[in-house]
Amino acid sequence: MKSIADSETTYTELMIPAYANFGGKVHGGLLLSVMDKVAYVCASKHSGSYVVTVAVEGVEFLSPVDVGDLLTVKASVNYVGRTTMIVGMRIESFNPRTGSSRHTNSCYFTMAAKNDDGTLKEVPGLIIQNEKELIRFCEGKTIRDISKQKRATLKSNLKHLDKAALMALCEHENCTIQQA
Ligand SMILES: CC(C)(COP(=O)(O)OP(=O)(O)OC[C@H]1O[C@@H](n2cnc3c(N)ncnc32)[C@H](O)[C@@H]1OP(=O)(O)O)[C@@H](O)C(=O)NCCC(=O)NCCS
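Report on the accompanying structure. Here the structure is a predicted model, which means the values were calculated and not measured. (Residues numbered from 1 in each chain as written. Predicted model: local features only at pLDDT ≥ 70, side-chain atom pairs only at ≥ 80, totals over all residues.)

### Re the environment of aspartate 36
Argument step 1. Here aspartate 36 shows up in helix H1 (residues 28–47).
Argument step 2. What makes aspartate 36 partly exposed here is the crowd of 15 C-beta atoms within 10 Å.
Argument step 3. For aspartate 36 and serine 147, which are 111 residues apart along the polypeptide, the C-alpha to C-alpha distance reads 19 Å.
Argument step 4. The residues contacting aspartate 36, other than those within four sequence positions of it, are Thr53 and Phe109. (Helix = DSSP H or I, 4+ residues; strand = E, 2+ residues; numbered from the N terminus. Buried ≥ 20, exposed ≤ 12 C-beta atoms within 10 Å, placed from the backbone. Contact = placed C-beta atoms within 7 Å.)

### With respect to the nonpolar core
Argument step 1. Met35, Ala39, Val87 and Met89 are the most contacted members of the largest nonpolar core, which totals 31 residues.
Argument step 2. Listed by contribution, the elements that provide at least two residues to this core are H1, strand E4 (70–80), strand E5 (84–95) and strand E6 (100–114).
Argument step 3. Those residues in contact with valine 87 that lie beyond four places of it in its chain are Ala39, Cys42, Ala43, Ala75, Val77, Asn78, Tyr108, Phe109 and Met111. (Core = buried A, V, L, I, M, F, W, Y, C linked by C-beta atoms within 7 Å.)

### Details of H1
Argument step 1. Between its terminal C-alpha atoms H1 stretches 28 Å, which fits the 28 Å expected from 20 residues at 1.5 Å a residue.
Argument step 2. Along H1, the positions that sit buried rather than exposed are Leu31, Met35, Val38, Ala39, Cys42, Ala43, His46 and Ser47. Each buried residue of H1 lies within a common arc of 155° when the element is viewed along its axis, so the set occupies one face. Exposed residues lying more than 90 degrees from the buried face of H1 are Gly29 and Ser33.
Argument step 3. Packing partners of the buried residues in H1 comprise strand E1 (2–3), strand E2 (9–14), strand E3 (50–57), E4, E5 and E6.
Argument step 4. Two residues or fewer after H1 comes glycine 48, characterised by a positive phi angle close to 65°. (Expected span 1.5 Å × (residues − 1). Arc of directions from axis to C-beta.)

### Observations concerning the sheet that holds E3
Argument step 1. Reading across the sheet, the five strands line up as E2-E4-E5-E6-E3 and stay open at both edges, with antiparallel pairing between neighbours. Strands at the two margins of the open sheet, each flanked by one partner only, are E2 and E3. Along the sheet, successive strands turn relative to each other by an average axial angle of 30°, direction set aside.
Argument step 2. The pairing of E4 with E5 spans ten bridges and is antiparallel. Following the sheet pairing, serine 76 is matched in E5 by glycine 88.
Argument step 3. In this fold helix H2 (residues 131–155) packs onto E3, E4, E5 and E6, with an angle of close to 80° to the strand it touches most, E4. (Pairing = 2+ DSSP bridges. Axes fitted to C-alpha atoms, helices over the stretch in contact; angles between N-to-C directions.)

The structure is reproduced here in structure tokens:
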């Protein structure tokens, strides 16, 4: 068993001009890459092993990140299963000139622990030490359950719907069905 504090990770990086998109703001892909690395650090500390990214939930860019900002990612293992961990991350963008800080995004990365031979590795359980950690653990469990249901829905249901049912689903959507 390990505590959440054992693997909690905070990382700050300066957003340099090379990270900008055509609109002068920081590329979403760059932010994803930073988050992936921080999730790796946090999950590998908890599992004591090499880890891989399995799934990403809840990435929403709520406000743009400017060049010159200091981007901080705070990460903790919120939930653990048998071989996977859900790492919760909060991303903040700080403007050092104005002193203002913006919450740009919160998200969850599912990371799997691997043995040296590539097989899945069991991870230590979590020691939950306060109510905030308990709430996060339960949120993680809910995210896992909803994500499983979503995958099952995408795999099964829609393929079995007939054309009329599919067309009914598209009613009031922004599309024109010319041939289906
Ligand atoms: C994801 C992966 C680990 C699943 O392996 P598997 O043998 O099919 O796994 P299982 O069905 O036995 O599930 C193993 C664990 O993965 C979880 N899992 C599997 N698919 C998942 C998904 N789509 N989303 C979230 N979790 C998932 C299961 O819930 C289970 O978790 P637990 O052990 O903590 O209970 C495997 O497909 C893999 O290694 N993928 C490649 C990951 C990778 O290389 N990422 C880098 C991207 S370049």
